[in-house]
Amino acid sequence: MKLCILGAAAGGGVPQWNCGCGQCILARAGSPRVRPRTQDSVAVRGPGSGIGLLNASPDVAVQMARTEDLWPRGARQSPVAAVVLTNGDLDHCLGLLSLREWQPLVVYATAAVRRDLCEGNAMFRTLERFPGQSTWRTLPLDREIALGDTGVLVRAVPAPGKVPVHVRRAPSVEDNVALVLREDGRRATTVYATAVGRVDPLRGEIERAACVLFDGTFYRADEIVALCGARAEDMAHVPIGGPGGSLAALAGISARRVYTHVNNTNPILDAESAERAAVEAAGWQVAEDGMEIAA
Ligand SMILES: [Zn+2]
């Protein structure tokens, strides 16, 4: 199984269009200290013929254009066999609207996320232009399913999250999931968990995994308080640093470990920062767009 990180940034990307912080300035200037990153998405390919997309970011068209594996294999013949959504956040599902060009699409989402997107949401009707254009499949919790014809098996496990800002309803256990992936016929698993409010519910899966792509949104709990009044926990992202952070909570795991879904405010983006040095000293990598992982 091969994973390609198509986008390693949280919502907004790096640089973010309206942000003039030091890191976004460095990214715009082409500094090697802060590499630009697009929004969170991963391509996964196994021994089968199709390729799976884990989330469809608003940058999906750019991400596909620069990833040869995802280029069409013939006239109007995309290799993308299925898209799996881990929640209904816009940075994870807006890209579906860019995949509307007369192309059949299979989308997996939990029943709650599927209802949020499909019911009463006029724009998503653009994926229903012809019979069979989009096939929505319910992503069950805690049950492994085959991801189309990719040869990859995926199991969604509930992760502490939140209801997206644009959705008005009570929270559900189906709002946010982590994905446990493995190649059909092999035992080694990869955990993809890029929105995680608390580490503990996922600890067992991560301890058993060979690789983890983990929520690297914020380094500090109060990183964006001055910008928008919210703490990391309010946005269902456990911070990396601090006594309750993921760096401390996941110390000692043996999996290959990669922080991704990194917000433009997070100092680990700066290759010369003390925070980057701290995560690397603890055995973590910081994801970049285009990073490939054999799992
Ligand atoms: Zn910024």
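Now for a look at the structure at hand. Values in this document were obtained by computation on a predicted structure and should not be read as measured data.

Next up on the list: the packing of aromatic side chains. Inspection of the entire model under this criterion finds 3 aromatic pairs. With 3.8 Å between their ring centres and 10° between their planes, Tyr-259 and Trp-284 make a pair best called stacked. Of this pair, Tyr-259 sits in strand β12 (residues 256–260) while Trp-284 sits in strand β13 (residues 284–286), and the two are 25 residues apart along the sequence. Judged on exposure class, the residue Tyr-259 and its partner Trp-284 are both buried. Aromatic ring contacts, followed pair by pair, group Phe-214, Tyr-259 and Trp-284 into a single cluster.

Here the focus is the coordination of the zinc ion. Taken together, the protein donors to the zinc ion comprise Cys-19 (SG), Cys-21 (SG), Cys-24 (SG) and Asn-264 (OD1), at separations of 2.3 to 2.8 Å. Classification of the site at the zinc ion rests on its 4 donor atoms, whose angles at the metal span 96 to 125°, yielding the label tetrahedral.

Cis rather than trans, the peptide bond between Val-14 and Pro-15 has omega equal to -5°. On the secondary structure map, Pro-15 appears in the loop between β1 (2–7) and α1 (22–28). Although it is not a glycine, Arg-76 sits at a positive phi angle of roughly 50°. Structurally, Arg-76 is set in the loop between α2 (60–65) and β4 (80–84).

Our focus in this paragraph is the nonpolar core. Phe-214 and Val-279 are the most contacted members of the largest nonpolar core, which totals 31 residues. Dropping the residues within four chain positions of it, Val-279 is found in contact with Tyr-219, Ile-240, Leu-247, Tyr-259, Ile-268, Trp-284 and Val-286.

Turning to the environment of Thr-110, a few remarks are in order. Along the chain, Thr-110 turns up in the loop between β5 (105–109) and α4 (111–118). Between the C-alpha atom of Thr-110 and that of Leu-53, which follows or precedes it by 57 residues, the distance is 16 Å. In this view, Thr-110 contacts Leu-139, Leu-141, Glu-174 and Val-177; residues no more than four positions away in its chain are not counted.

Summarising the element assignment, Asn-176 is placed in the loop between β8 (152–158) and β9 (177–183). If we ignore the near neighbours within four places in the chain, the residues touching Asn-176 are Thr-86, Asn-87, Val-157, Pro-158, Ala-159, Pro-160, Gly-161 and Ala-195.

Each value, and the rule that gives it
- Each chain carries its own residue numbering, running from 1 in the direction its sequence is written.
- It should be noted that, the model being predicted, local features are given only for residues of pLDDT at least 70 and side-chain atom pairs only at 80 or more, the latter also being counted only at that level, while totals for whole chains, interfaces and linings use all residues.
- The basis for the side-chain values is all heavy atoms of the structure; hydrogens and waters are excluded.
- Planes of paired rings set the category: under 30 degrees apart is stacked, over 60 is edge-to-face and the rest tilted, where pairs are Phe, Tyr or Trp rings (Trp by its six-membered ring) whose centres lie within 6.5 Å.
- Put simply, DSSP marks the helices as runs of H or I at least four residues long and the strands as runs of E at least two long, and each gets a number from the N terminus on.
- Throughout, exposure labels follow a simple rule: accessible area from a 1.4 Å probe, protein chains only, divided by the maximum for the residue type, with under 20% read as buried, over 50% as exposed, and the rest as partly exposed.
- Water is absent from the atoms considered, so a metal site may look incomplete; donors are defined as N, O and S atoms within 2.8 Å of the metal, or 3.2 Å for Na, K and Ca.
- Tetrahedral means four donors with every angle between 85 and 135 degrees, whereas square planar (four donors) and octahedral (six donors) require angles over 155 degrees between opposite donors and between 65 and 115 for all others; sites fitting neither are termed irregular.
- Each nonpolar core is a collection of buried residues, namely Ala, Val, Leu, Ile, Met, Phe, Trp, Tyr and Cys, held together in the definition by side-chain atoms within 4.5 Å.
- By definition, residues are in contact when any of their heavy atoms lie within 4.5 Å.

These figures capture arrangement, not role.
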